[in-house]
Amino acid sequence: MDIEGPSRTALVTAYARAYHQVFDRPRILADPLAARLLGVSVDELAELGRPAGSGGGVDILRLGVGDRPRRLFFAARARFAEDRVAEAAVAGVGQVVILGAGLDTFAYRNRHPGVRVFEVDHPATQAWKQQRLTASGVEVPEGVTFVPVDFETDTLAQRLAAAGFGRAYPAVFVWLGVVFYLTPDAVRATLEYIAGHSEPVEVIFDYLQSAHTGEERAQLQARAHRAAAVGEPWFSYFTPDDVAAQLRALGFTDIEDRSAAELIAGYLDGSAEFAGEPPEALRPVRVLRASR
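A quick note: this is a predicted structure, and the numbers were derived from the prediction, not measured.

Student: How should I be thinking about the packing of helix H1 (residues 8-23) against helix H3 (residues 42-49) in this particular structure?
Tutor: To describe two helices that pack against each other, one gives the angle between their axes and the distance between the axes. Contact geometry of H1 with H3 gives a least axis separation of 10 Å together with a crossing angle of 105°. One element, H1, and the other, H3, form an angle in the roughly perpendicular class. Residues Tyr15, Ala18, Tyr19, Val22 and Phe23 of H1 form the contact with H3, whose participating residues are Val42, Leu45, Ala46, Leu48 and Gly49. Each residue belonging to the contact of H1 with H3 can be placed in one class, and the counts come to nine nonpolar, one polar and no charged.

Student: Just to check I follow, could you spell out the sheet that holds strand E1 (residues 95-99) for this structure?
Tutor: Two pairing modes exist for strands in a sheet, parallel and antiparallel, and in both the strands are linked by backbone hydrogen bonds. Pairing in this open sheet of seven strands is mixed, and the strands run E3-E2-E1-E4-E5-E7-E6 from one edge to the other. Of all the strands in the sheet, the pair left with one neighbour each is strand E3 (144-148) and strand E6 (254-259). Across the sheet, the mean angle separating the axes of adjacent strands is 15° when strand polarity is ignored. Bridge count for E6 against strand E7 (residues 285-291) is six bridges, and the pairing is antiparallel. Bridge pairing in E7 places Ile255 opposite Ala290.

Student: In this structure, what is going on with the side chain of Ser236? I would like to understand it.
Tutor: Relative to the assigned elements, Ser236 resides in the loop between helix H10 (214-229) and helix H11 (240-249). The contact partners of Ser236, leaving out residues within four places of it in the chain, are Val179, Phe180, Leu182, Thr183, Pro184, Val187 and Leu208.

Parameters at a glance
Residues numbered from 1 in each chain as written. Predicted model: local features only at pLDDT ≥ 70, side-chain atom pairs only at ≥ 80, totals over all residues. Heavy atoms only, no water. Axes fitted to C-alpha atoms, helices over the stretch in contact; angles between N-to-C directions. Helix = DSSP H or I, 4+ residues; strand = E, 2+ residues; numbered from the N terminus. Parallel < 35°, antiparallel > 145°, perpendicular 65-115°, else oblique. Contact = heavy atoms within 4.5 Å. Nonpolar A, V, L, I, M, F, W, Y, C, P; charged D, E, K, R; others polar. Pairing = 2+ DSSP bridges.

Listed below in structure tokens is the structure:
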């Protein structure tokens, strides 16, 4: 399993999504390309899903794949975004921008004729993904445009404009697994860019909720240290009220904000698995949809 090139967190999400296809039931997200893109076998996935042995450091890839609540959240947030894109496509929206696309495969499973998908990501991750697409024989549809953006030297607006994105036409922005790695100022700047788009426009993103207790702070710090250890530290935490206030100030009028546990439960056919106190991995995470 070659894991050089893309960000570690992009790999964790992709491997968890691939594992979900084979071992989780009910299946929340149908993604037949996940394992194929990675070039990973069922046996290799099964091995990653087994508990890690004692000793050594934390294997973040094994942790992401083997933790069922975390794995189901990755599937649920993607499913939620894809369901929203499907509704928008029926309403005539013809542009989808996936910010921090990672190893997401929606663009290659897109069943909405006329919907153009712009995949935005760091050049290194995007180059590795394109190599894997070629190696695995996954066809890139004509409606897919890769938009490499190095935020240290580029701006999102310039790169999307150069790629042919139409600011005057309706769009959906999907922004999953990214916000907590950005500073609050960078998050706001991106939301301002999205809000400046011609109506109708919609954004779906997830974020980390600020801790309220000492126990929550300790748990968040432990997770943040693991992320920082692989070179991808967290910078942003919000409260639902703060996020809603920012979005309303930017002109968004329809806001839907759910906890990770609520989102997953909605796809589990009435299962009570996540009733009561949510698992630690899910407690600070929320998924939000806003439109104008």
